[in-house]
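Read off the chains here:
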Amino acid sequence: MFSIFGIMDTVDIKQFGQIVFFTGAGMSAESGVPTYRGRGGIWHRYRWEEVACQKAFDKDPLKVLEFHELRRQAVLKCKPHRGHGVLVRTEQEHPEMAIITQNIDGLHQRAGSKNVIELHGSLWRLRCPECGMKVEDKGPKYESYTCRCGAWLRPDITWFGDYLDEAVIARATETIRACDLFVSIGTSGVVWPAAGFPELARAGGAFCVEVNPEPTELSARFDLVYRGKAGEILPAVFSISAPGK
Ligand code: NAD
Ligand code: ZN
């Protein structure tokens, strides 16, 4: 667990005002949340065309909802790791800190993080395509598959072929532009708009750090790169003891 410079530099967060942690599937994979395409990934067992797109929902909403219940049950078996704990502690010391995540599993919030911008929605929220109502629903099974208006409720997440929520992207973009420390953790950075985030942070003058056991297409754009797992690197680099997570 060394930076590519061969030494374990630490990052003194007190030197920074606005901090953004940008997280992807790798952050949750370390907690055991199944990935999409990696080994044991969800799309080896299911066809997204049948369970994770608007067309599938229109054809068979119950099948789609039952698939998402299985995903909820898988996530509920997982626990946040020490890396999540470091982000919680950092926010306690830096209340203006933000997490921007591509993950839909809600692990940051379960760990105790407050200011979390979810780019792809949440597995723990449903919305009504007819009347627009949104409902938080956190159990292994949905409390109801249908809205009070009678329509099927759909998971409030970005599926294949969906547009991202423009208001959420705008909030994320503004937050990144204003930050002076940008830390990317566990994302390959190939999915848009994630691919543009380090560049955006750099343009705003931020110091950019990557935490990932593997090189990514974006690695060259970071000022500092740590090759290792989030659960090991974050506690070492940010030198904050995690609260028992
Ligand atoms: P990705 O699968 O493309 O990349 C994951 C990255 O994490 C890889 O670069 C890998 O080297 C790295 N990684 C693996 N273990 C790590 C660890 N312990 N610590 C740090 N890094 C580690 O994932 P992505 O970039 O997030 O993009 C894929 C898309 O899939 C996103 O759109 C995301 O919404 C979605 N997704 C979400 C979840 C979830 O909610 N948990 C799970 C899978 C996929
Ligand atoms: Zn409704």
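Close to ligand 1 lie 24 residues; Glu 30, Gln 102, Asp 105, Thr 187 and Ser 188 are nearest. In the model, an oxygen atom of ligand 1 is placed 2.8 Å from a nitrogen or oxygen of the Ala 25 main chain. Within the side chain of Thr 187, one N or O atom sits 2.6 Å away from an oxygen atom of ligand 1. For ligand 1, whose free accessible area comes to 860 Å², the fraction covered by protein is 82%. A per-element tally of the shell around ligand 1 places helix α1 (residues 25-29) first, with three residues. The residue inventory of the shell around ligand 1, partitioned by class, reads eight nonpolar, 12 polar and four charged.

This next bit is on the packing of helix α6 (residues 82-93) against helix α10 (residues 230-237). The contact between α6 and α10 brings their axes to 7 Å, and the two run at 35 degrees. Note on element contacts: α10 touches α6 through Ala 230, Gly 231, Leu 234 and Pro 235, opposite Arg 82, Gly 83, Val 86 and Leu 87. Taken together, the residues of the contact of α6 with α10 break down into five nonpolar, two polar and one charged.

A few words on the coordination of the zinc ion (ligand 2). Around the zinc ion (ligand 2), the protein supplies Cys 128 (SG), Cys 131 (SG), Cys 147 (SG) and Cys 149 (SG) as donor atoms, at distances of 2.3 Å. For the zinc ion (ligand 2), the single-chain donor residues occur in sequence as C-x2-C-x15-C-x1-C. Here Cys 131, found in the loop between β4 (121-127) and β5 (134-136), pairs with Cys 147, found in the loop between β5 and β6 (154-157); they are 16 residues apart in sequence, far enough to count as distant. Judged by relative accessible area, which is 46%, Cys 131 ranks as partly exposed. The buried category is assigned to Cys 147, whose relative accessible area is 7%.

Applying the stated criterion across every chain, the model contains 15 salt bridges. The salt bridge partner of Glu 136 is Lys 138, with a shortest N-O separation of 3.8 Å. In this pair, the class of Glu 136 matches that of Lys 138, namely exposed. Salt bridges linked by common partners bring Glu 118, Arg 125, Arg 127, Lys 134 and Asp 156 together as one network.

With antiparallel pairing, three strands are arranged side by side in an open sheet as β5-β4-β6. Only two strands of the sheet have a single partner each, and these edge strands are β5 and β6. Taken over all neighbouring pairs, the strand axes of this sheet differ in orientation by 50 degrees on average, direction set aside. Sheet topology note: the β4/β5 ladder contains three bridges and is antiparallel. Of the residues in β5, the one forming a bridge with Arg 125 is Glu 136.

Further remarks concern the sheet that holds strand β7 (residues 181-185). Strand pairing in a sheet relies on backbone hydrogen bonds, with the paired strands running either antiparallel or parallel. Read from one edge of the open sheet, six strands run β3-β2-β1-β7-β8-β9, paired in parallel fashion. Single-partner strands in this sheet number two, and they are β3 (116-118) and β9 (224-226). Taking the axes of each pair of neighbouring strands and ignoring which way they run, one obtains an average angle of 15 degrees across the sheet. Each of β1 (19-23), β2 (98-101) and β7 touches α6; the most contacted strand, β1, lies at about 160 degrees to it. This element, α10, spans β7, β8 (207-211) and β9 of the sheet and lies at about 140 degrees to β8.

Once that is clear, we can look at helix α5 (residues 61-76). The first and last C-alpha atoms of α5 sit 22 Å apart over 16 residues, in line with the 22 Å expected at 1.5 Å per residue. Looking at the packing, one finds that the buried side of α5 touches α2 (42-45), α3 (48-51), α4 (54-59), α7 (107-111), β4 and β6.

Quick notes on the rules
Residues numbered from 1 in each chain as written. Chains lettered and ligands numbered in written order. Predicted model: local features only at pLDDT ≥ 70, side-chain atom pairs only at ≥ 80, totals over all residues. Heavy atoms only, no water. Near = heavy atom within 4 Å. Polar contact = N/O pair within 3.5 Å; in protein donor to acceptor, adjacent residues only side chain to side chain. Areas by Shrake-Rupley, 256 points an atom, 1.4 Å probe, with all protein chains shown as cover. Helix = DSSP H or I, 4+ residues; strand = E, 2+ residues; numbered from the N terminus. Nonpolar A, V, L, I, M, F, W, Y, C, P; charged D, E, K, R; others polar. Axes fitted to C-alpha atoms, helices over the stretch in contact; angles between N-to-C directions. Contact = heavy atoms within 4.5 Å. Donors = N, O, S within 2.8 Å, 3.2 Å for Na, K, Ca; no water. Buried < 20%, exposed > 50% of the residue type's maximum accessible area, 1.4 Å probe, protein only. Salt bridge = Lys/Arg side-chain N within 4 Å of Asp/Glu carboxyl O. Pairing = 2+ DSSP bridges. Expected span 1.5 Å × (residues − 1).

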